[in-house]
Amino acid sequence: MYALNEIGLIPSVLSDIEHRSDVNPYINSKLPIFVSPMTCILNGENFKTFYNSRVMPILPRGIKNCYDFPGDGWAAYSLEEFKDTFCNKEFYEENWNGKVLIDVANGHMKCIYDYVKEAKSIWGDKLTVMVGNIANPDTYLECCKAGVDYVRVGIGGGNACTTGVQTGIHASMHWLLTKINKLRKVIKYANGLKWYHRIIGNKLKRKAYKYKCDTLTKIIADGGIDTIDKAIKCLALGADYVMMGKLFAQTEEACGETRLGFKDRYLERKYYGMASEQGQKDISGGIHKNAEGIETWIPIKYTLNEYLDKFEAALRSCMSYCGAHNLDDFVGKVKWEPMTECEFKSYYK
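This one's a predicted model, so the numbers in the text were calculated from it and none came from an experiment.

S.K.: What am I meant to see in the nonpolar core here?
M.R.: A general tendency of soluble globular proteins is for nonpolar side chains to be buried together. Membership of the largest hydrophobic core comes to 92 residues, with the highest contact counts inside it found for Ile41, Phe82, Val131, Met244, Phe248 and Phe330. Discounting chain neighbours no more than four positions away, the residues touching phenylalanine 248 are Ile33, Phe34, Val35, Ile41, Phe50, Val55, Ala254, Leu304, Tyr307 and Leu308. Counting 11 residues, the second largest nonpolar core, distinct from the first, contains Trp74, Ala76, Met130 and Tyr241.

Right, dumping it as structure tokens:
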């Protein structure tokens, strides 16, 4: 397993892109970025500010009565909340369309996918579902079979997450995305096959049928993406989107507790994971399990627009190096090579 810091992206042999303004890094007017549903970043008051920017925020659990919540915004639910609400035919609404994150730490529970199947049988395409987090590439196939629309990939890598060091569960983002991207290519191939004996043999047909799915789940790299280059590398390795917390907690528009720093007298914000003691208190009013997150103070560095301008410029530049006119040409289609420790030191100045 390589860390994202240990690989470098290789540009195309020749690129026909003369200026990065010729590149389109957007999906439906949004950059490929989700804002993590963390209560130290988002609340009912600032959600609309992030929603109206170039990113996709997710309203954290425990904030269901946001007075200005847009109809097509993302909202996080606990597993029980999702089951009680969307697996119940009594709550079905003909004119409702919603985007829901099942916000649990362990995306490997079988019941998640059973609930998604049940909810999809009731709501159909009216319900868009995101699950996670997962750290086994083969679980991606289960997401596709269950009809999951988006899956968060990565466990234990978050800057405020201690799941890995406490449990030993972890897979590097590079390894996960590389493996899942290969699996997705197999699924695409299987979905495109014509099921006739005269075209493929019975043995190949049975093998390919294992990967036949109605849904091709979108991939979200989530955890430890605390620099722009890491986010871009995730996209290049096959993530359709990246999810970030810390970088948005450092914006002036984020919510949460702040203080004046002691060293340089700059403003700081309290930053913590949702599995930390404070995170558990925010979403449920108390601590119900062993905390798997830390609390720290980070400097507030920029406005939301300043950061997004910087991110967009960097992504456009990388895509132009790689000859990618749009994200379809870029995601999962860039070559990479590992870096030695010496090269790593020259890369990160």
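Moving on, there is more to tell.
S.K.: How should the pattern of salt bridges be read in this particular structure?
M.R.: Once their charged atoms are close, side chains differing in charge can pair, the charge on each being opposite to the other. The final tally for this structure, using the stated rule, is 14 salt bridges. With a shortest N-O distance of 2.8 Å, arginine 152 and aspartate 103 are connected by a salt bridge. Pair noted here: arginine 152 is in strand 7 (residues 150-153) and aspartate 103 is in the loop between strand 5 (98-102) and helix 3 (110-123), with a separation of 49 residues, a long-range link. Both residues of the pair, arginine 152 and aspartate 103, belong to the buried class. Lysine 270 is the partner of glutamate 257 in a salt bridge, and the nearest nitrogen-oxygen pair spans 4.0 Å. In this pair, glutamate 257 is assigned in the loop between helix 9 (246-249) and strand 10 (258-260) and lysine 270 in strand 11 (residues 267-272), connecting sequence segments 13 residues apart. By relative accessible area, lysine 270 is classed as buried at 16%. Because the salt bridges share partners, they merge into one network encompassing Arg54, Asp309, Glu312 and Arg316.

S.K.: So what exactly am I meant to see when it comes to the packing of helix 4 (residues 139-146) against helix 6 (residues 173-192) here?
M.R.: The packing of two helices is summarised by the inter-axis angle and the distance between the axes. In the contact formed by helix 4 and helix 6, the axes pass within 9 Å of each other and the chain directions differ by 40°. On the basis of the axis angle, helix 4 is oblique to helix 6. Considering how the two elements wind past one another, helix 4 and helix 6 form a crossing that is right-handed. Taking contact as the criterion, the partners of Tyr140, Leu141 and Cys144 in helix 4 are, on helix 6, Ile180, Leu183, Arg184 and Ile187.

S.K.: Is there a simple way to think about the packing of helix 2 (residues 79-86) against helix 3 in this case?
M.R.: The N-to-C vectors of helix 2 and helix 3 enclose an angle of 25°; their axes lie 10 Å apart at closest approach. In this view, helix 2 runs roughly parallel relative to helix 3, as classed from their interaxial angle. The crossing of helix 2 and helix 3 is left-handed. Seen from helix 2, the contacting residues are Leu79, Phe82, Lys83, Thr85 and Phe86; seen from helix 3, they are Cys111, Ile112, Tyr115, Val116, Ala119, Ile122 and Trp123. A breakdown of the residues in the contact of helix 2 with helix 3 according to their chemical character gives 10 nonpolar, 1 polar and 1 charged.

How each quantity is defined
- Residues numbered from 1 in each chain as written.
- Predicted model: local features only at pLDDT ≥ 70, side-chain atom pairs only at ≥ 80, totals over all residues.
- Heavy atoms only, no water.
- Core = buried A, V, L, I, M, F, W, Y, C linked by side-chain atoms within 4.5 Å.
- Buried < 20%, exposed > 50% of the residue type's maximum accessible area, 1.4 Å probe, protein only.
- Contact = heavy atoms within 4.5 Å.
- Salt bridge = Lys/Arg side-chain N within 4 Å of Asp/Glu carboxyl O.
- Helix = DSSP H or I, 4+ residues; strand = E, 2+ residues; numbered from the N terminus.
- Axes fitted to C-alpha atoms, helices over the stretch in contact; angles between N-to-C directions.
- Parallel < 35°, antiparallel > 145°, perpendicular 65-115°, else oblique.
- Left-handed = near helix turned anticlockwise from the far one by under 90°.
- Nonpolar A, V, L, I, M, F, W, Y, C, P; charged D, E, K, R; others polar.

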